[in-house]
Amino acid sequence: MDRLPEEANATGQRIPFKALKTRDAITTAGYGTDPNVITPKTPWDPLLSRHQLKMVAALSDIVLPGTSEFAAPSKIGICNFFNEWLSAPYKTQQSDKDLIFQGLDLLDRESRRLYWVGFLWLGRKRKARVLDAVIAMSGDARKFFARFRYLLVGGYFTSDMGFAAIGYKGNVPLQSFAPVSADVQQIIDDELRQLGL
Amino acid sequence: MGAQEPFDIVIVGSGAAGGMAAYDLCKAGFRVAVLEAGRDYDPGTETPMFISQQKAPLRGAATPDKNNGYYDATVDGGTTVPGEPYTTAADSEEFSWWRPRMLGGRTNHWGRVALRFGPYDFKPRSRDGLGFDWPMEYDDLAPWYDRVERLIGVTGRPEGIENTPDPPAGVMLPPPPPRAYEIVLTRAFEKLGMRVAAIRAAILTQPLNGRAACLYATACTQGCSSRSNFQSTTVLLPEAQGTGNLTIVCNAVVHEVEIDATGKATGVNFVDRHTGDQGKVNARCVILAAGAFSSARILLNSKSTLFPNGIGNSQGLVGKYIMDTVEFTVRGRIPLLERLPARNDDGIFTPHIYVPWWLYQEQRRGELDFPRGYHIEPRGGRRMPTMGIGGYLDAQDATYGHGLREQILQKYGSYISLSGEGEMIPNEKTFCELDADTKDKWGVPVLRFHWKWGEYEVNQWKHQQLIFGQVISSLGGTVTSGPAEMPIGGAAVHEVGGARMGMSDTDSVVDQFGQCWAVENLFVLDGATFVSSPDKNPTLTILAIASRGSARIAELAKRGEL
């Protein structure tokens, strides 16, 4: 299953499906090929320990802090998201689990090396310094940061609150689809003129 | 089923072709049985409208269980159908076969772009000496396009573009106005000499035949409980059932057309998906509409003394000349789009504009190194966030903290994608056959695929790369998708060919109405009959061919000639 559709679909749209290279029997431990899409359920058990969940919460809030308007990740259920994702039986998620679990351990180790205590006991500034130290490493440490951020950003902005935070205005019924307004058209014209179009 | 009175007509498959045939033939008064290999499916109660990604496992991301994401309407399918494998020959290029197992088939989750073939598309060999001509012309099919479009509803605007037919007045539904990013892209397309057309989409922009207009939300690929796009299960099958003439049998996996000693079809044999029991449906006429390659497989597996190599296969043409589309996508980021005020860009799900192939003259003059064209479908806008949002930042970029949020907000809506949908010329090295060694869970031989893109497809794909890069850079943007790869055969899910139509039994499996040369009361009405695979997405043409073939069946039956 090494050719899943690319998740990094930068337009937020369906992209042409890339075939799976192998056609092995699919796992029976997932939600199956005919799940109830009206009342979705996640059939697999969450695997993260209490400590790991606290680490996810703490790191999430450093990587993507809340604002006065939109809450920090830990306040909108990001731990549940990570717990579901990293516990899923599919290959992509299994590989994420290994990387993230190792990365969380590394954060703790690095924290103890620098400050003699685990990551959770540090204040915000020191947490950031530990993270910076991890980012400065190469190999899996760096991969851990990039993948954690990828999952965090995805999980946050696909949440109901994340839709508002990013400025998504769709998913509402309309009677008609309005043309762009005159002022938007003006902005478009100005921009294109600068490009000689 | 065996105990029942014979039906007038049994149809294998319930998607575009099967649904269309059931609709027409039930309305014409025939008693029809439709056999569907998958489960019953009701878009009225099973469509996730106005979804929340947050409620879906893994935020709706694609998995091996649901290859196009959790909410995609595909049931029990994708590139893997449990218990129903297929194989790819060792020397083949990579190939992928998308199949669902549900009433209505792929019409439940198709892309809804509904383009007519043009006059050139039916006579490709006459124009450039490659591939094969159809045994009909555009004018033969035009009235059936009109009829289908009036029935299902297709948007559009008269454009007067070469080889891109405009329907008669009153047939098209008004197209939605372009989204902001589409206005921007239009200017770049036109600068490069292209003509931009209003999208032709099987989505209602006004009420039609008792169906509600689109609500401008919810991806069509999830299905539609308001029946505002075309699905066999919302538009065709309920109407057919309303006649009282239709019997639908789900979970009936047909593997064989049965032939009597005189060479006439007596019905079809099937296996019940759940019990494994064998069954037979008797009928005076059999229609294969199982999906192109599945229909070819049934013909190949229908072996008898009269047809030792399968029905219609005396010339070895069943399974040959299968085709897909050269579907290739480049993604890019166009910073000027950041500066447009946020608005609701959901629209009718498909692009609101597209670019028909624009270089016919250049090809005529021999200025291009590929003879057949592609159209462009541009996508973008501030659409529903997916897990892909995480891909806005390069893995090498170490940004986190408030700067991370700023970057995401800034970049949201600035990405576009350009998808080319290009013609593939049929070739000798691309075909399917029965695999002597592999059987499905019921012991029926499966298909083995051989795929090879021709040099012309590769050249066309290179042209797509070049042009898409030019479009993006002319708007001050940059390409963000990774290194380009030739698409995988079959991945566009524009599955056609395998039992092509033609002028005689020496060059084809069926005639222009889908009637099998070898068995007069057996018809193939799906994409298997396609002789070529133009850049235009196939569904609308499958519907038109199925409708035309159904009229022929009705006519022959009433004359006592079946």
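Residues numbered from 1 in each chain as written. Chains lettered and ligands numbered in written order. Predicted model: local features only at pLDDT ≥ 70, side-chain atom pairs only at ≥ 80, totals over all residues. Heavy atoms only, no water.

What is the right way to look at the overall build of chain A in this model?
When helices and strands are tallied, chain A shows 7 helices and 0 strands. Tracing chain A from N to C terminus, the helices and strands come up as α-α-α-α-α-α-α. Counting every position in chain A, which comprises 197 residues, the buried fraction comes to 54%. Carbon and sulfur atoms provide 52% of the accessible area of chain A, an area that totals close to 9,300 Å². (Helix = DSSP H or I, 4+ residues; strand = E, 2+ residues; numbered from the N terminus. Buried < 20%, exposed > 50% of the residue type's maximum accessible area, 1.4 Å probe, protein only. Areas by Shrake-Rupley, 256 points an atom, 1.4 Å probe, with all protein chains shown as cover.)

Can you walk me through the sheet that holds strand S14 (residues 445–450) of chain B in this structure?
Two modes of strand pairing occur in sheets, parallel and antiparallel, and in both the strands are linked by backbone hydrogen bonds. Residues and elements named next belong to chain B. With mixed pairing, 3 strands are arranged side by side in an open sheet as S3-S14-S13. Every other strand in the sheet has two partners, leaving strand S3 (87–88) and strand S13 (431–439) as the edge strands with one partner each. Pairing of S13 with S14 involves 5 bridges; the strand directions are antiparallel. Opposite Lys439, over in S14, you have Pro445 as the bridge partner. Contacts from helix H8 (residues 292–301) reach S13 and S14 within the one sheet, and its direction differs from that of S14 by about 125°. (Pairing = 2+ DSSP bridges. Contact = heavy atoms within 4.5 Å. Axes fitted to C-alpha atoms, helices over the stretch in contact; angles between N-to-C directions.)

Is there a simple way to explain the nonpolar core in this structure?
One broad rule of soluble globular proteins: the nonpolar side chains tend to lie buried together. Counting 145 residues, the largest nonpolar core has Leu35(B), Ile152(B), Phe189(B), Val257(B) and Ile287(B) as its most contacted members. When residues are assigned to domains, this core turns out to be shared by domain 1 (1–45 + 71–77 + 103–112 + 115–153 + 230–316 + 497–562) and domain 2 (160–224 + 326–422 + 455–488) of chain B, each giving three or more. Not counting chain neighbours up to four residues away, the residues in contact with Ile287(B) comprise Ile9(B), Val10(B), Ile11(B), Val12(B), Ala21(B), Leu25(B), Phe523(B), Leu525(B) and Ile553(B). If you look at the next biggest cluster of nonpolar residues, it comprises 65 residues, including Val130(A), Tyr150(A), Tyr70(B) and Tyr71(B). (Core = buried A, V, L, I, M, F, W, Y, C linked by side-chain atoms within 4.5 Å. Domains from an automatic or database assignment.)

How should the sheet that holds strand S15 (residues 478–479) of chain B be read in this particular structure?
Residues and elements named next belong to chain B. Taken in spatial order, the 4 strands make up an open sheet running S11-S12-S9-S15, and their pairing is antiparallel. Taken across any chain shown, the strands that pair with only one partner, and hence form the sheet edges, are strand S11 (374–380) and S15. Both strand S9 (residues 326–333) and S15 contribute to a ladder of 2 bridges, which runs antiparallel. Residue Arg333 lies in a different strand from S15, and its bridge partner there is Thr478. Contacts from helix H11 (residues 455–474) reach S9, S11, strand S12 (415–422) and S15, with the element oriented near 20° to S9.

Could you clarify how one ought to interpret the interface of chain A and chain B in this entry?
Interface size, as often reported, equals the accessible area lost upon joining of the parts. The interface of chain A with chain B comprises 97 residues on the first partner and 104 residues on the second. At the boundary of chain A with chain B, total buried surface from both sides reaches about 8,900 Å², with 61% on carbon and sulfur atoms. In this assembly, chain A and chain B are joined by 3 salt bridges. Residues Glu191(A) and Arg339(B) are paired through a salt bridge, measuring 2.6 Å at the closest nitrogen-oxygen approach. The tally of links between chain A and chain B comes to 31 residue pairs in polar contact (both at pLDDT 80 or more). Of all the elements in the fold, those that place two or more residues in the side of chain A that touches chain B are helix H1 (50–63), helix H2 (78–87), helix H4 (124–136), helix H5 (140–157), helix H6 (160–166) and helix H7 (182–194) of chain A. Examining the composition of the side of chain A that touches chain B, we find that 11 residues originate from one element, H5(A), more than from any other. Split into classes, the residues belonging to the side of chain A that touches chain B amount to 55 nonpolar, 24 polar and 18 charged. (Buried area = accessible area lost by both parts, 1.4 Å probe. Salt bridge = Lys/Arg side-chain N within 4 Å of Asp/Glu carboxyl O. Polar contact = N/O pair within 3.5 Å; in protein donor to acceptor, adjacent residues only side chain to side chain. Nonpolar A, V, L, I, M, F, W, Y, C, P; charged D, E, K, R; others polar.)

Looking at this structure, how should I read helix H12 (residues 539–558) of chain B?
Residues spaced three or four apart along an α-helix point in a common direction, a consequence of the helix completing one turn every 3.6 residues. All names here are of chain B. Across its 20 residues, H12 extends 29 Å between first and last C-alpha, which sits within 8% of the 28 Å expected from 1.5 Å per residue. Most of H12 is tucked away, with 15 of its 20 residues classed as buried. Taken from the residues just after H12, Gly560 is the one with a positive phi, measuring 70°. (Expected span 1.5 Å × (residues − 1).)

I would appreciate a short explanation of the pattern of salt bridges in the present structure.
Two side chains carrying opposite charge are able to pair once their charged atoms lie near each other. Residue and element names in this part refer to chain B. According to the stated counting rule, one finds 39 salt bridges over all chains in the structure shown. The partner of Glu338 in a salt bridge is Arg333, and the shortest N-O contact between them spans 2.5 Å. A residue is classified by how much of its surface remains accessible, and Glu338, at 19% relative accessible area, is buried. By relative accessible area, which is 15% here, Arg333 ends up buried. Among the ionic pairs, Arg448 bridges to Glu433, the shortest N-O distance being 3.1 Å. Here the residue Arg448 occupies a position in strand S14, and Glu433 occupies one in strand S13, the gap between them amounting to 15 residues.

I keep staring at unusual backbone geometry and nothing clicks. Help me out?
One can expect most non-glycine residues to show negative phi and most peptide bonds to be in trans. Positive phi outside glycine occurs at Trp116(A), with the angle close to 75°. Exposure remark for Trp116(A): the relative accessible area of 77% places this residue in the exposed category. In the Ramachandran plot, Arg59(B) falls in the positive-phi region, its phi being about 55° despite a non-glycine side chain. One can find Arg59(B) in the loop between helix H2 (43–46) and S3. Residue classification places Arg59(B) among the buried residues on the basis of a relative accessible area of 7%.

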